[in-house]
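Spelled out from the first residue to the last, the chains are:
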Amino acid sequence: MRDAAVVVNPEVIVLCHGGPIAEPADAAYILQHTTGVVGFFGASSIERLPTERAIKQQVLDFKSIELGK
């Protein structure tokens, strides 16, 4: 896709985004193993997924509180 885009517009900026790119290591892999992909556009991998982990941990922390006697 990047190669086709460059044919149409040599100044196109190509970013990777979505799908299986959920962690920084995923984006790093894409950027290190492709030509012409110059960055990552994050959405849920930056705001939703980390929030879900934090909320889950917070719930687990509250659930672990021992009741008074």
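As shown above, the structure is provided for reference.
To start, this report covers the structure provided alongside it. (Residues numbered from 1 in each chain as written. Predicted model: local features only at pLDDT ≥ 70, side-chain atom pairs only at ≥ 80, totals over all residues. Heavy atoms only, no water.)

1. Focus on the overall build of the chain
To keep things clear, this is the line we draw: Per the convention used, a helix needs a DSSP run of H or I reaching at least four residues, while a strand needs a run of E reaching at least two, with both numbered from the N terminus. This radius of gyration counts C-alpha atoms alone. The globule rule is 2.2 Å times how many residues there are, raised to the power 0.38. Under the scheme applied here, a residue whose accessible area is under 20% of the maximum for its type counts as buried, over 50% as exposed, and between as partly exposed, the area being computed with a 1.4 Å probe on protein chains only. Counted as positive: Lys and Arg. Counted as negative: Asp and Glu, with His and the chain ends omitted from the count. To locate a charge, take atom NZ for lysine, CZ for arginine, CG for aspartate or CD for glutamate.
Each helix and strand in the chain was counted, giving three helices and two strands. Reading the chain from its N end, one meets helices and strands in the order α-β-α-β-α. Relative to the globule expectation of 11 Å for 69 residues, the C-alpha radius of gyration of the chain, 19 Å, shows a markedly less compact shape. Along the longest, intermediate and shortest principal axes, the C-alpha atoms of the chain span 75 × 20 × 15 Å. When burial is assessed residue by residue, the chain has 12% of its 69 residues classed as buried. Averaging the positions of the 6 positive and the 8 negative side-chain charges in the chain gives two centres separated by 10 Å.

2. Observations concerning the pairing of strand 2 (residues 37-40)
The criterion, for reference: The pairing criterion is simple: DSSP has to find at least two bridges between the two strands. By convention, a crossover is right-handed whenever its connection, traced from the first strand over the helix to the second and viewed with the strands pointing away, goes clockwise.
As paired strands, strand 1 (residues 14-16) and strand 2 are joined by three bridges and run parallel to one another. Paired with V14 across the bridge in strand 2 is V37. Following the chain from strand 1 across helix 2 (residues 24-32) to the adjacent parallel strand 2, one finds a crossover that is right-handed.

3. Here we look at the pattern of salt bridges
Defined as follows: By definition, a salt bridge exists where a carboxyl oxygen of Asp or Glu is found within 4 Å of a side-chain nitrogen of Lys or Arg.
Per the counting criterion, the structure on display carries three salt bridges. A salt bridge links E52 to R48, with the nearest nitrogen and oxygen atoms 2.7 Å apart. Placement of both E52 and R48 in helix 3 (residues 48-63) is noted, with a separation of four residues, approximately one turn of the helix. For R48, a relative accessible area of 38% translates into the label partly exposed.

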